[in-house]
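Structural overview
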Amino acid sequence: MAILPGVVASSPGYLLDGISGAYGAYSLRQLSGSVSNVCQCIRDSDSATQDFTAAELTDGTLTDFGSGTNVRIKTLYDQSGSNHATQSTLLSCPSVVISGTSQVDSSGLPWMNFDGSNDFIPLSSALPNIDKGNCSSFAVGKFDSTVAAGTNKLESILSLGTGGSARWNISAYDGDFVFAYASSWNAHTETQDTNAHVFTQIAGTTQGDWKCFIDGTEKDSATLTSGGTSGTYGIGGIYNTWQYELDGKVQEVIVFDSDQSSNRAAIEADIMGYYNL
Amino acid sequence: MSFLIFNNESEARQRSEDAGKAANLGFHSGDPDGCRYVWPIINESGENPRSALDLEGMLNLLTEQENEQIVEELPSDWTNHVDP
């Protein structure tokens, strides 16, 4: 487990033991020494639910619970507080076990499989009123395929605001990664791939502008714009269960309602070390 | 893909919730944080928007009449919201 540079944590090596002030922190790994369960899962076969620790997602407990069927993530517990993110529609919950098979990356780490149809975990109720001029987000995910040009299809890993001047999205469109910020739906674009990455966006007065990063490398900047969030937004889509749905995977989303530019490199180093990015 | 078309979101949401009750989802068993609905809802944009249930699974919860009303595509005049 990676330890943040320069940080003396009260518990060994957990990211949020060294970094405080997250607005919402959702992950299938343990981010804090003070939490145990990271998610609640629901089984398709009989709608039974069960809380899981990060260890239980990979030690056989989860697949035993699934009994050869499908298991979905119903709730991602906020490991920084109580802003838990939950999906109230059964068939919109992303999967972690499909027909008895755990959904894991090449390192065996679990991830949420968004089906590209209607899977979505809303954050608009859990994390309301995020000021676009004072926000930081870190999202670990991947697209399963290149979103082909000319299809007019957009897929979103994370959205914290919709439309108008409230945009804050990480998406793929027309063969490109697309970062949206404020009034620009394509504040930064670059050629998309299907590898897992940590996608970072930071805006605030400490930094002085908005910037986006992929795997710790700065990609673009824009003039700072203040304002709250609007609409329905979250993990794996924008607006609702039917708009810009992700066909891909997500492992972690951490949101701060503050400028974390001074901690960015340490946070990204921890994430990239853990996920082998 | 399979859909059931409704005149508005309220009707679609109610049908999804009724299915949730029939499936005894957590919300309907006393857990306020439990799942409440079975099928995702697709909302049309514009005036007098229609709604559709995305019937990804659990088709056993449909009535015989509803099974006959399933369509494989959204209506050709369906208006999607487009503003990322």
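Reading guide: rules and limits
- Residues numbered from 1 in each chain as written.
- Chains lettered and ligands numbered in written order.
- Predicted model: local features only at pLDDT ≥ 70, side-chain atom pairs only at ≥ 80, totals over all residues.
- Helix = DSSP H or I, 4+ residues; strand = E, 2+ residues; numbered from the N terminus.
- Rg over C-alpha atoms; globule rule 2.2 N^0.38 Å.
- Buried ≥ 20, exposed ≤ 12 C-beta atoms within 10 Å, placed from the backbone.
- Contact = placed C-beta atoms within 7 Å.
- Expected span 1.5 Å × (residues − 1).
- Pairing = 2+ DSSP bridges.
- Axes fitted to C-alpha atoms, helices over the stretch in contact; angles between N-to-C directions.
- Nonpolar A, V, L, I, M, F, W, Y, C, P; charged D, E, K, R; others polar.
- Domains from an automatic or database assignment.

1. Quick notes on the overall build of chain A
Of regular secondary structure, chain A possesses 3 helices and 19 strands. Over its C-alpha atoms chain A spans a radius of gyration of 17 Å, differing by no more than 12% from the 19 Å that the globule rule assigns to 277 residues. For chain A, the spread of C-alpha atoms along the three principal axes comes to 50 × 50 × 30 Å. The buried share among the 277 residues of chain A stands at 52%.

2. Concerning the overall build of chain B
In terms of regular secondary structure, chain B is built from 2 helices and 3 strands. Each helix and strand of chain B, placed in order from N terminus to C terminus, yields the pattern β-α-β-β-α. In terms of its C-alpha atoms, chain B occupies a principal-axis envelope of roughly 40 × 30 × 20 Å. Within chain B, buried positions represent 31% of all 84 residues. In chain B, of all internal contacts separated by at least 6 residues, the share reaching a separation of at least 24 is 53%.

3. Remarks on unusual backbone geometry
Notably, A:Asp215 is not glycine yet its phi reads approximately 50°, a positive angle. Within the secondary structure, A:Asp215 is located in the loop between β16 (209-214) and β17 (217-222). Phi at B:Asn24 takes a positive value of approximately 55°, unusual for a residue other than glycine. Along the chain, the position of B:Asn24 falls in the loop between α1 (9-22) and β2 (41-43).

4. Examining α1(B)
Residue and element names in this part refer to chain B. Over its 14 residues, α1 runs 20 Å from end to end, which matches the ideal 20 Å to within 8%, given 1.5 Å per residue. Residues of α1 that are buried in the fold lie against β1 (3-6), β2 and β3 (51-54). Positioned one or two residues after α1, Asn24 has a phi angle of 55°, which is positive.

5. Description of the pairing of strand β14 (residues 184-191) of chain A
Residue and element names in this part refer to chain A. Where strand β13 (residues 176-182) meets β14, 5 bridges bridge the pair, whose relative direction is antiparallel. Across the sheet, the residue bridging to Val178 is Thr189, located in β14. Between β13 and β14, which follow one another and run antiparallel, lie 1 residue.

6. Quick look at the sheet that holds β1(B)
All names here are of chain B. Pairing within the open sheet is antiparallel, and its 3 strands lie in the order β1-β3-β2. Every interior strand has two partners, whereas the edge strands, β1 and β2, have only one. Neighbour-to-neighbour, the strand axes of this sheet turn through a mean angle of 25°, independent of strand direction. As judged from the 4 bridges shared by β1 and β3, these two strands associate in the antiparallel manner. The residue of β3 that forms the bridge with Ile5 is Ala52. Lying on the sheet, α1 is in contact with β1, β2 and β3; it crosses β3 at an angle near 25°.

7. Focus on the interface of chain B and chain A
Counting residues at the interface gives 23 residues for chain B and 26 residues for chain A. In terms of residue count, β2(B) provides more of the side of chain B that touches chain A than any other element does, 3 residues in total. Residue classes in the side of chain B that touches chain A are distributed as 11 nonpolar, 7 polar and 5 charged.

8. Remarks on the pairing of strand β11 (residues 154-159) of chain A
Residue and element names in this part refer to chain A. Counting buried residues along β11, 6 of its 6 residues qualify, which places the element largely inside the surrounding structure. Of the pairings in the sheet, the one linking β11 to strand β12 (residues 167-173) comprises 5 bridges and is antiparallel in character. Bridge pairing in β12 places Ser159 opposite Asn169.

9. Here's the deal with the domain arrangement of chain A
All names here are of chain A. The domains assigned to chain A are domain 1 (21-116) and domain 2 (122-275). In this complex, domain 1 contributes 24 residues to the contact, which on the side of domain 2 involves 23 residues. Counting residues per element, the ones that place at least two in the side of domain 1 that touches domain 2 are β1 (22-27) and β8 (112-115). Counting residues per element, the side of domain 1 that touches domain 2 draws most heavily on β1, at 6 residues.

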